[in-house]
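# Analysis of the macromolecular model
If you want the building blocks of each chain, they are given just below.
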Amino acid sequence: MPFQPIEPRRLYRQIADQLRQLIQSGEFAVGSKLPAERDLAAKMGVSRPSVREALIALEVEGLIEVRMGSGIVVIGRESVRLLDNAHGPLEIIRARQLIECELAALAAKSTDPTLVPDLLETLRDMEADIAARTLPIRGDRAFHIRIAQASDNSALQAVVTQLFDERNGPLFTTLGGHFEREATWKEAVDEHRAVVAAIAARDPDMARAAMSGHLDRSHQRFSAGWNSPADA
């Protein structure tokens, strides 16, 4: 199969570009299946998360459909190129992890008496939305931004806000549609609760570790298998 080695720059876009070319050239006909994510990663010499981001990009463009449990099906040959400058969702999570772990440690040193009550309120908002079967993005966003606010650094708050709001883009939304469930959001709330407990205990090391664990598990949730027999 005519795959080419991938260079480690703008990785998911390079993978998507190569797969798009193969689809549009007829190498993969409409109605056929692409190789499993695991096999694509092996053929291209890249990680499965990078392949996943590329597949999500092609799904947003209307070229493929990821069918959980049955595979990746080509559904068209004409794409709508909307994502050339978009950051990959998993890349965003790792960027957030680098920044927000230190912000959690700073928050644990804060003397602001409203910080912990405000954070607990975001957890209640998330739980209410989960119970109502609504995506708890509002409370999730408020939680992470409130921790950033505790740094008293408007530049850092702006960075955290911008990175978090990337999840409203088509790549993150599509990826979330495959992997975010009531159970995964409940896990996220429990992880948030551990961060709040560390901040309330005024333990910077514990707060840093709790935030790192939360974002690491977020990355793992979005990197889970497609539940396809070929991908097991």
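Residues numbered from 1 in each chain as written. Predicted model: local features only at pLDDT ≥ 70, side-chain atom pairs only at ≥ 80, totals over all residues. Heavy atoms only, no water.

This brings us to the confidence of the model for the protein. Here the protein averages 90 in pLDDT, while 91% of its residues score no lower than 70. Here residues 227-232 is modelled with pLDDT under 50, and outside its nearest four sequence neighbours on either side it reaches 14 contacts, counting other chains as well. (pLDDT = per-residue confidence, 0-100. Contact = heavy atoms within 4.5 Å.)

Where charged atoms of side chains with opposite charge meet at close range, the side chains can pair. Scanning the entire structure with this criterion turns up 24 salt bridges. One salt bridge connects Glu121 with Arg124, and the closest N-O pair in it is separated by 2.7 Å. One end of the pair is Glu121 and the other is Arg124, both in helix H5 (residues 115-131) and 3 residues apart, which spans about a single turn. Note on Arg124: relative accessible area 45%, which makes it partly exposed. Ionic contacts of the salt-bridge type, sharing partners, join the residues Arg13, Asp17, Arg20 and Glu61 into one network. (Salt bridge = Lys/Arg side-chain N within 4 Å of Asp/Glu carboxyl O. Helix = DSSP H or I, 4+ residues; strand = E, 2+ residues; numbered from the N terminus. Buried < 20%, exposed > 50% of the residue type's maximum accessible area, 1.4 Å probe, protein only.)

Here the focus is the nonpolar core. Leu119, Phe143, Ile147, Val195, Ile199, Met211 and Phe222 are the most contacted members of the largest nonpolar core, which has 33 residues in total. Those elements that place two or more of their residues in this core are helix H3 (48-61), helix H4 (89-107), H5, helix H6 (137-149), helix H7 (154-165), helix H8 (170-179), helix H9 (182-200) and helix H10 (204-222). Contacts of Ile199, omitting those with residues within four sequence positions, involve Ala104, Ala107, Ala108, Leu115, Val116, Leu119, Ile147 and Ala207. Ile15, Leu22, Leu55 and Ile72 belong to the second-largest nonpolar core, a separate cluster that totals 20 residues. (Core = buried A, V, L, I, M, F, W, Y, C linked by side-chain atoms within 4.5 Å.)

For the rest of this paragraph, the subject is empty space enclosed by the protein. Counted under the stated rule, the structure contains 2 cavities of 30 Å³ or more. There is about 200 Å³ of room inside the largest cavity. Considering the residues around the largest cavity, the lining is formed by 16 residues, among which Arg167, Glu180, Ser218, Arg221 and Phe222 are closest to the centre. Going through the elements one at a time, H4, H6, H9 and H10 are the ones with two or more residues in the lining of the largest cavity. Of the residues forming the lining of the largest cavity, the biggest block, 5 residues, is contributed by H10. Classifying every residue of the lining of the largest cavity by side-chain character gives 6 nonpolar, 5 polar and 5 charged. Lining the second largest cavity, in full, are Ile92, Arg96, Leu163, Phe164, Arg167 and Phe172. Breaking the lining of the second largest cavity down by element, the ones donating at least two residues are H4 and H7. When grouped by side-chain class, the residues that make up the lining of the second largest cavity number 4 nonpolar, no polar and 2 charged. (1 Å grid on protein atoms, 1.4 Å probe; cavity = no way out; pocket = protein on both sides within 12 Å on 5 of 7 lines; lining within 4 Å. Points joined across faces, edges and corners; volume = space filled by probe spheres on them. Nonpolar A, V, L, I, M, F, W, Y, C, P; charged D, E, K, R; others polar.)

What follows covers the packing of H4 against H7. Contact geometry of H4 with H7 gives a least axis separation of 10 Å together with a crossing angle of 150°. As summarised for this structure, H4 and H7 are arranged roughly antiparallel, according to the angle between their axes. H4 and H7 meet at a crossing whose hand is left-handed. Facing H4, whose interface residues are Ile92, Ala95, Arg96, Ile99, Glu100 and Leu103, H7 presents Leu156, Val159, Val160, Leu163 and Phe164. (Axes fitted to C-alpha atoms, helices over the stretch in contact; angles between N-to-C directions. Parallel < 35°, antiparallel > 145°, perpendicular 65-115°, else oblique. Left-handed = near helix turned anticlockwise from the far one by under 90°.)

Across the two faces of strand S1 (residues 64-67) the burial differs, with Ile64 and Val66 buried and Glu65 and Arg67 not buried at all. As defined by bridge partners, S1 adjoins strand S2 (residues 71-74) across 4 bridges and the pair is classed as antiparallel. Bridge assignment links Glu65 to a residue of S2, and that residue is Val73. Here S1 folds back onto S2, and the loop between the two strands holds 3 residues, one of which, Gly69, carries a positive phi near 95°. (Pairing = 2+ DSSP bridges.)

The next point concerns the packing of aromatic side chains. Taken as a whole and assessed by the stated rule, the structure comprises 1 aromatic pair. Centre to centre, the rings of Phe172 and Phe222 are 5.4 Å apart; their planes meet at 80°, and the pair counts as edge-to-face. Of this pair, Phe172 sits in helix H8 while Phe222 sits in helix H10; the two residues are 50 residues apart in sequence, bridging distant segments of the chain. Above the ring of Phe172, the side-chain terminus of Arg167 is found at 5.1 Å from the ring centroid. (Phe/Tyr/Trp six-rings, centres within 6.5 Å; stacked < 30°, edge-to-face > 60°. Lys NZ or Arg CZ within 6 Å of the ring centre and 35° of its normal.)

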